[in-house]
Amino acid sequence: MTDTIEGHGGDLALATLSAYGATAMFTLSGGHVFPLFDAAHKTGFPLYDVRHEQSAVFAAEAVAKLTRRPGLAVLTAGPGVTNGVSGITSAFFNAAPVLVLGGRAPQFRWGSGSLQEMDHVPIVASITKHASTILATDDVPSAVATALTAALTPHRGPAFLDLPLEVIYGSGEAAIPTPNIPTIEPDPTDVAKAAALIAAAQQPVIIAGSDVYASDAIAELREAAEAMIVPVFANGMGRGALPPDHRLAFAKARRAALGSADVVVIVGTPLDFRLSFGEFGDAQLIHIVDGPSQRATHITPACSPAGDLRLTLSQIASYTGDRVDHSEWVEELRAAEDAAKTLDAETMLADSDPIKPARVYGELRNILAPDAVTIGDGGDFVSYAGKYLEPATPGSWLDPGPYGCLGTGLGYAMGARVTYPDRQICVLMGDGAAGFSLMDVESLVRQRLPVVMVVGNNGIWGLEKHPMRAMYGYDVVADLQSNLAYDKVVAALGGAGETVDKPGDLAGALRRAFDSGVPYLVNVLTDPADAYPRSANLA
Ligand SMILES: Cc1ncc(C[n+]2csc(CCOP(=O)(O)OP(=O)(O)O)c2C)c(N)n1
Ligand SMILES: [Mg+2]
């Protein structure tokens, strides 16, 4: 415990959040939460506002994912909180340590019909690691510390607290707790078994996911892969874990690798639909997770060490037993990887009319810096981004993850820009997805947060239209207006942009976008007939 401090509920909450490493507050105004604004205003704590509460939570989620520190969203009572529900769920699926503080109607006359009087806690209970109401101002620091500890303890996730009007406006006095986030030690027997299986494998593969970055275990992942000579693929925030030119870094040869692997090691990501639910033929499966709650229940791996990923991976790296030399396997996969890359390089040059999404990424790759943060929000257009962009820095790729919520784009962009004032921030949006958050360009312009938006404008909800046609032979409710000038929407909101309909004009437009220093939208008219080749859509 540190010194006792005095103040209103907002002061006590923010002082605790600062002690736990929070660095920015995202919000949309409401009288129920003014004391939190007052606390920020008095202390110079960075405060950003948005045009829809879901963007505030998405921004907090981006900060949490990028920085591994608490993201903070403050939502006013009732509709403020309910508008944030998709964002909270997204943080839950993505294990992002976000604290959402809600305003709340006064407790002392609960039931009398105060404005926006509703109990938020049951609504968010199933999508948070902790949700409760603070009933006394003196309790604010300990309650915030409890919620943040839950959020920051692996497996991470969001927490929710609401503060009744008299609690947030009332005065109190309490000590600010010292952060103490527990480390979960993996069972050494599980880790030894995993290491022995990898060492004895003929053709092992590692797939590393977001929790490797969230656990700050990138260096340990590399040490383990190098010590065992195992090819590494990555998804989510794990992308870029190994530099693209590393001998063991792979992206394209995944199908070949999983098709003939005898041991598959999945680290820091669930065995969900993105990883064929953990079913890899006859291969033995090792699932390394950051806490027991993440062990799969639908499949039984050969072993599943659960605990701090740094400890698990460094223990695997220091395995002292005999091991098979996997160099030949790595070289075989390298040949498959190179062949796939050559094919992709040709596709990315496509000089077609209308423009193919692949060409957009072919041009973007030449302009993005190695540490650029790229954000995907959309359907097919973003699937192509996943395929063609190669993040070179871990923690620089933000996708919506397994919750797949459209509309994260500008919230994530705000969080990324606030986190990295000097990096390129590039949001890739479908034209459908853009509709969910484009009004927040106004928030970005007003608060001087420049980002580049690239819209793949095919005039359809592509990822739904093509599958529906394939299923029924027709489609409904899958069209948008063609050739809309989304760049002019951005210009009207104080930013800038341009429309591109010829592949040869892409490079110039993208350069102007990054040079502009304002929110800038490159509206690329892409081919509506182009469908991302995918094998499964829903399950
Ligand atoms: C909030 C939300 N609503 C609906 C969906 C279902 N959905 C998934 S992809 C998609 C189409 C996206 O269209 P667009 O952003 O234009 O990208 P495109 O596929 O055309 O490239 C839809 C509607 C979703 N994932 N999230
Ligand atoms: Mg579209």
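Structural notes, computed from the coordinates. This structure is a prediction, so every number in the text was calculated from the model and none was measured.

Our focus in this paragraph is the site of ligand 1. Contacts to ligand 1 come from 17 residues, most closely from Asp-380, Gly-404, Asp-431, Gly-432 and Gly-462. Gly-379 places a main-chain nitrogen or oxygen 3.1 Å from an oxygen atom of ligand 1. Relative to its free-state accessible area of 590 Å², ligand 1 is covered by the protein chains to the extent of 77%. Elements with a contribution of two residues or more to the shell around ligand 1: α16 (380-388), α18 (431-437) and α20 (462-472). Looking at the shell around ligand 1, the element that brings in the most residues is α18, giving 4 residues. In terms of residue class, the shell around ligand 1 is made up of 7 nonpolar, 7 polar and 3 charged.

The magnesium ion (ligand 2) binds to the protein through Asp-431 (OD), Asn-458 (OD1) and Ile-460 (O), with metal-donor distances spanning 2.1 to 2.2 Å. One chain supplies every donor to the magnesium ion (ligand 2), and in sequence these donors are spaced D-x26-N-x1-I. Here Asp-431 is found in helix α18, whereas its partner Asn-458 is found in the loop between β16 (452-457) and α20, with 27 residues between them in sequence. The pair formed by Asp-431 and Asn-458 is uniform in burial state, with each residue classed as buried.

Axis separation between helix α15 (residues 357-367) and helix α22 (residues 506-516) bottoms out at 9 Å; the angle between their running directions is 50°. With respect to each other, α15 and α22 are oriented oblique. In the crossing of α15 with α22, the sense of the turn from one axis to the other is right-handed. Contact residues: α15 offers Arg-359, Val-360, Glu-363, Leu-364 and Ile-367, while α22 offers Leu-506, Ala-507, Leu-510, Arg-511 and Phe-514. Across the contact of α15 with α22, the residue classes tally to 7 nonpolar, no polar and 3 charged.

Bringing the packing of helix α3 (residues 53-67) against helix α17 (residues 409-419) into the picture now. Put simply, α3 and α17 touch, their axes get as near as 7 Å, and they point 45° apart. Considering their axes alone, α3 and α17 lie oblique with respect to each other. Of the two elements, α3 crosses α17, and the hand of that crossing is right-handed. Residues Ser-55, Phe-58, Ala-59, Glu-61, Ala-62, Val-63, Lys-65, Leu-66 and Thr-67 of α3 touch α17, and the partners they reach there are Gly-411, Tyr-412, Met-414, Gly-415, Ala-416 and Thr-419. By residue class, the composition of the contact of α3 with α17 is 8 nonpolar, 5 polar and 2 charged.

On to a negative patch on the surface. Together, Glu-6, Asp-138, Asp-139 and Glu-173 line one region of the surface with negative charge. Looking at where Glu-6 falls in the secondary structure, it is placed in strand β1 (residues 4-8).

Here the focus is the side chain of Asp-377. Among the structural elements, Asp-377 can be located in strand β13 (residues 373-377). For the buried Asp-377, which has no salt bridge, the nearest side chain bearing the opposite charge is Lys-65, at an N-O separation of 11 Å. At a separation of 2.8 Å, a polar atom in the side chain of Asp-377 contacts the main-chain amide nitrogen of Gly-409.

Here we come to helix α2 (residues 34-43). In an α-helix, one turn spans 3.6 residues; hence positions three or four apart end up facing the same way. Every buried residue of α2 is listed here: Pro-35, Leu-36, Phe-37, Ala-39 and Ala-40. Within two residues after α2, Gly-44 carries a phi angle of roughly 75°, on the positive side.

What follows deals with unusual backbone geometry. Following Pro-154, the chain continues to His-155 via a peptide bond in cis, the omega torsion being -10°. Here His-155 is to be found in the loop between α7 (140-152) and β7 (159-164). The step from Asp-353 to Pro-354 runs through a cis peptide bond, and the omega angle for that step is 0°. Positionally, Pro-354 belongs in the loop between α14 (327-347) and α15. You will see that Gln-116, though not glycine, has its phi angle at about 55°, which is positive. You can see Gln-116 is positioned in the loop between β5 (98-104) and α6 (121-124). One non-glycine residue, Asn-483, lies in positive phi territory at about 55°. Here Asn-483 shows up in the loop between α20 and α21 (486-492). We classify Asn-483 as exposed; its relative accessible area is 55%.

Once that is clear, we can look at the packing of aromatic side chains. Summed over the entire model, instances satisfying the criterion amount to 10 aromatic pairs. Ring centres 6.2 Å apart and planes at 45° place the aromatic pair Phe-34 and Phe-37 in the tilted group. Taken as a pair, Phe-34 and Phe-37 lie in helix α2 at a separation of 3 residues, close to a single helical turn. With relative accessibility at 42%, the residue Phe-34 sits in the partly exposed group. By relative accessible area, which is 14% here, Phe-37 ends up buried. Members of the aromatic cluster, connected to one another through ring pairs, are Tyr-384, Tyr-388 and Tyr-532.

Rules used throughout
- Residues numbered from 1 in each chain as written.
- Chains lettered and ligands numbered in written order.
- Predicted model: local features only at pLDDT ≥ 70, side-chain atom pairs only at ≥ 80, totals over all residues.
- Heavy atoms only, no water.
- Near = heavy atom within 4 Å.
- Polar contact = N/O pair within 3.5 Å; in protein donor to acceptor, adjacent residues only side chain to side chain.
- Areas by Shrake-Rupley, 256 points an atom, 1.4 Å probe, with all protein chains shown as cover.
- Helix = DSSP H or I, 4+ residues; strand = E, 2+ residues; numbered from the N terminus.
- Nonpolar A, V, L, I, M, F, W, Y, C, P; charged D, E, K, R; others polar.
- Donors = N, O, S within 2.8 Å, 3.2 Å for Na, K, Ca; no water.
- Buried < 20%, exposed > 50% of the residue type's maximum accessible area, 1.4 Å probe, protein only.
- Axes fitted to C-alpha atoms, helices over the stretch in contact; angles between N-to-C directions.
- Parallel < 35°, antiparallel > 145°, perpendicular 65-115°, else oblique.
- Left-handed = near helix turned anticlockwise from the far one by under 90°.
- Contact = heavy atoms within 4.5 Å.
- Patch = residues over 30% accessible without salt bridge, like charges linked within 9 Å, V, L, I, M, F, W, Y side chains within 5 Å.
- Salt bridge = Lys/Arg side-chain N within 4 Å of Asp/Glu carboxyl O.
- Lys, Arg positive; Asp, Glu negative; His and termini not counted.
- Charge placed at Lys NZ, Arg CZ, Asp CG, Glu CD.
- Phe/Tyr/Trp six-rings, centres within 6.5 Å; stacked < 30°, edge-to-face > 60°.

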